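Architecture at a glance
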Amino acid sequence: MDFSGSHILSIDQFNRSDIEKLFSVADSLEPYSSKIKVTRVLEGAILGSMFFEPSTRTRISFGASFNLLGGNVREITEVGSSSLAKGESLIDTAKVLSGYSDIIVMRHPDEGSVQKFAEASRVPVVNGGDGANEHPSQALLDLYTIEKELSQNKKSIDGLRIALVGDLKYGRAVHSLCKILSLYSDITIKLISPEALKLPVKLAEQLTKANIEVIETENLEEGISEVDIIYVTRIQEERFKDKKDAIKYKGLMTLNQSIYTANCEPNTVIMHPLPRDSRNDANELDSDLYENPNLAIFRQADNGVVVRMALFALVLGVENQINKFSKPVNWKINRDL
Ligand code: CP
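Report follows, based on the coordinates. Just so it is clear, the model here is predicted, and its values are computed rather than measured.

What the rule picks out here adds up to two cavities of 30 Å³ or more. Reported here for the largest cavity is a volume of approximately 90 Å³. For the lining of the largest cavity, the residue count by class is eight nonpolar, four polar and two charged. Lining the second largest cavity, in full, are Arg 57, Gln 138, Leu 141, His 272, Pro 273, Ile 297, Gln 300, Ala 301 and Arg 308. Among the elements of the structure, helix H6 (136-152) and helix H12 (297-315) are those that each provide at least two residues to the lining of the second largest cavity. With four residues, the single largest contributor to the lining of the second largest cavity is H12. Along the lines of polarity and charge, the residues of the lining of the second largest cavity split into four nonpolar, three polar and two charged.

Structure below.
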């Protein structure tokens with residue numbers, strides 16, 4: 001893919017060499033994401049951050065990434081604070097906002113909405129999550145995290161064994177992750193979900209076509225044995241037509257330290273795109289795992305910044321100019337977890 005000037009809407013756009021390129025730029029940006037140096041390479045550029053659905057990580061890390069490259073951020077954080085609430089169409093919104101911004105990140109509850117917006121936009125648009133469809137930047141940071149975590153155990157993505165747990169029907173992070181893993185070899189995916197929340201058939205077929213070994217089970221203990229990564233997800237209550245139906249599936253698959261100890265191989269890495277639902281009736285990832293060194297969820301969230309910085313650098317064509325506009329920072333914060 002030619003990143004420069006492209007919309008980033010789906011993992012379908014990527015091949016392995018695109019991902020290697022992105023991760024190599026991300027690695028080179030580590031001194032900036034860890035605040036050893038600052039760069040002004042995007043000075044004067046404006047990110048339009050358009051979030052028509054709640055977000056903590058995606059919105060803030062995209063904004064922080066743009067700021068770290070020297071650019072500015074203008075935000076909409078809900079439909080009610082935009083003129084969509086007055087009946088303005090997404091197309092008109094795109095035509096107007098792309099006059100004010102150099103790049104736009106958008107999240108919206110409807111599948112396909114970000115693509116529709118991008119078609120009307122005069123600047124590149126990055127999909128920050130469209131309904132239950134896709135969350136491509138999440139899959140990129142998830143894969144970056146998987147690679148980093150596996151390398152600690154001298155393993156690589158080819159040959160990965162991963163368990164995907166929870167709401168595989170509505171979880172867009174899982175959908176994009178399945179697509180990205182389809183680019184690698186010798187992958188085994190264990191799909192662990194209630195029958196009603198199984199991975200959509202089209203995606204399951206895509207996995208089979210990519211020669212991925214797929215094992216389906218409703219039994220958490222059985223599914224998390226003999227894997228390198230457990231990737232837990234939240235029941236996506238907001239996607240259910242009747243929210244009361246979601247309650248039936250909450251709390252069915254809680255991973256805690258005793259289940260982990262009894263069933264997992266040593267060094268099995270625990271991931272979650274977050275937010276996890278920590279309310280008593282859900283609690284899919286128990287807080288007693290805080291002390292487990294293989295709990296990678298906060299390292300995973302941290303990686304969102306450097307991967308999103310790399311995306312901006314490539315799409316805006318400045319990946320080779322970052323150091324030219326850099327200097328050391330004047331402050332120091334210790335963020336060790
Ligand atoms: N992982 C993720 O998309 O988190 P937010 O909903 O907080 O952005």
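Now for unusual backbone geometry. Most of the time, phi is negative for any residue but glycine, and the peptide bond is trans. Note that the residue after Leu 274, namely Pro 275, is joined by a cis bond; omega there is 5°. Located in the positive-phi region is Lys 154, a residue other than glycine, with phi close to 60°. Relative to the helices and strands, Lys 154 resides in the loop between H6 and strand S6 (161-165). The class of Lys 154 is exposed, set by a relative accessible area of 78%. Phi at Leu 274 is positive, roughly 60°, even though this residue is not glycine.

What follows concerns the site of the ligand. Every residue near the ligand is listed here: Ser 55, Thr 56, Arg 57, Thr 58, Arg 107, His 135, Gln 138, Pro 273, Leu 274 and Pro 275. Between the ligand and Ser 55, the relevant distance is 2.6 Å, taken from an oxygen atom to a side-chain nitrogen or oxygen of the residue. One of the side-chain N or O atoms of Gln 138 is found 3.0 Å from a nitrogen atom in the ligand. In the complex, 90% of the free accessible area of the ligand, which totals 250 Å², lies under the protein chains. Split into classes, the residues belonging to the shell around the ligand amount to three nonpolar, five polar and two charged. Counting contributing residues per domain, the shell around the ligand is built from domain 1 (11-134 + 304-328) and domain 2 (136-298), each supplying no fewer than three.

Secondary-structure assignment places Ser 101 in the loop between helix H4 (90-100) and strand S4 (103-108). Residue classification places Ser 101 among the buried residues on the basis of a relative accessible area of 6%. A polar side-chain atom of Ser 101 sits 3.0 Å from the main-chain carbonyl oxygen of Leu 97. Residues within four places of Ser 101 in sequence aside, it is in contact with Ile 46, Gly 48 and Val 123.

The next subject is the layout of surface pockets. Space inside the largest pocket adds up to approximately 720 Å³. Taken together, 20 residues make up the lining of the largest pocket; nearest its centre are Glu 30, Ser 33, Ser 34, Asp 302 and Asn 303. Elements with a contribution of two residues or more to the lining of the largest pocket: helix H2 (30-33), helix H3 (57-68), H6 and H12. Here the residues of the lining of the largest pocket are counted per class, giving seven nonpolar, four polar and nine charged. A domain split of the lining of the largest pocket shows at least three residues from each of domain 1 (11-134 + 304-328) and domain 2 (136-298). Volume-wise, the second largest pocket comes out at about 450 Å³. As for the second largest pocket, its lining consists of 21 residues, and the residues nearest its centre are Arg 107, Arg 172, Arg 234, Glu 238 and Pro 275.

With that out of the way, let us pick up the packing of H4 against helix H5 (residues 113-120). Running from amino to carboxyl end, H4 crosses H5 at an angle of 50°, the nearest separation of the two axes being 8 Å. In terms of orientation, H4 and H5 fall into the oblique class. Note on packing geometry: the crossing formed by H4 with H5 is right-handed. Seen from H4, the contacting residues are Leu 90, Ile 91, Thr 93, Ala 94, Lys 95 and Leu 97; seen from H5, they are Ser 113, Lys 116, Phe 117 and Ala 120. Looking at side-chain class alone, the contact of H4 with H5 contains six nonpolar, two polar and two charged residues.

This part covers the sheet that holds strand S9 (residues 229-232). In a beta sheet, neighbouring strands pair by backbone hydrogen bonds and run either parallel or antiparallel. Strand order in this open sheet of five strands is S8-S7-S6-S9-S10, and the pairing throughout is parallel. Single-partner strands in this sheet number two, and they are strand S8 (213-217) and strand S10 (269-271). Sheet twist, expressed as the average angle between the axes of neighbouring strands with direction ignored, equals 20°. Pairing between strand S7 (residues 188-192) and S8: five bridges, direction parallel. For Lys 190, the partnering residue across the bridge sits in S8 and is Ile 215.

Analysis parameters
- Residues numbered from 1 in each chain as written.
- Predicted model: local features only at pLDDT ≥ 70, side-chain atom pairs only at ≥ 80, totals over all residues.
- Heavy atoms only, no water.
- 1 Å grid on protein atoms, 1.4 Å probe; cavity = no way out; pocket = protein on both sides within 12 Å on 5 of 7 lines; lining within 4 Å.
- Points joined across faces, edges and corners; volume = space filled by probe spheres on them.
- Nonpolar A, V, L, I, M, F, W, Y, C, P; charged D, E, K, R; others polar.
- Helix = DSSP H or I, 4+ residues; strand = E, 2+ residues; numbered from the N terminus.
- Buried < 20%, exposed > 50% of the residue type's maximum accessible area, 1.4 Å probe, protein only.
- Near = heavy atom within 4 Å.
- Polar contact = N/O pair within 3.5 Å; in protein donor to acceptor, adjacent residues only side chain to side chain.
- Areas by Shrake-Rupley, 256 points an atom, 1.4 Å probe, with all protein chains shown as cover.
- Domains from an automatic or database assignment.
- Contact = heavy atoms within 4.5 Å.
- Axes fitted to C-alpha atoms, helices over the stretch in contact; angles between N-to-C directions.
- Parallel < 35°, antiparallel > 145°, perpendicular 65-115°, else oblique.
- Left-handed = near helix turned anticlockwise from the far one by under 90°.
- Pairing = 2+ DSSP bridges.

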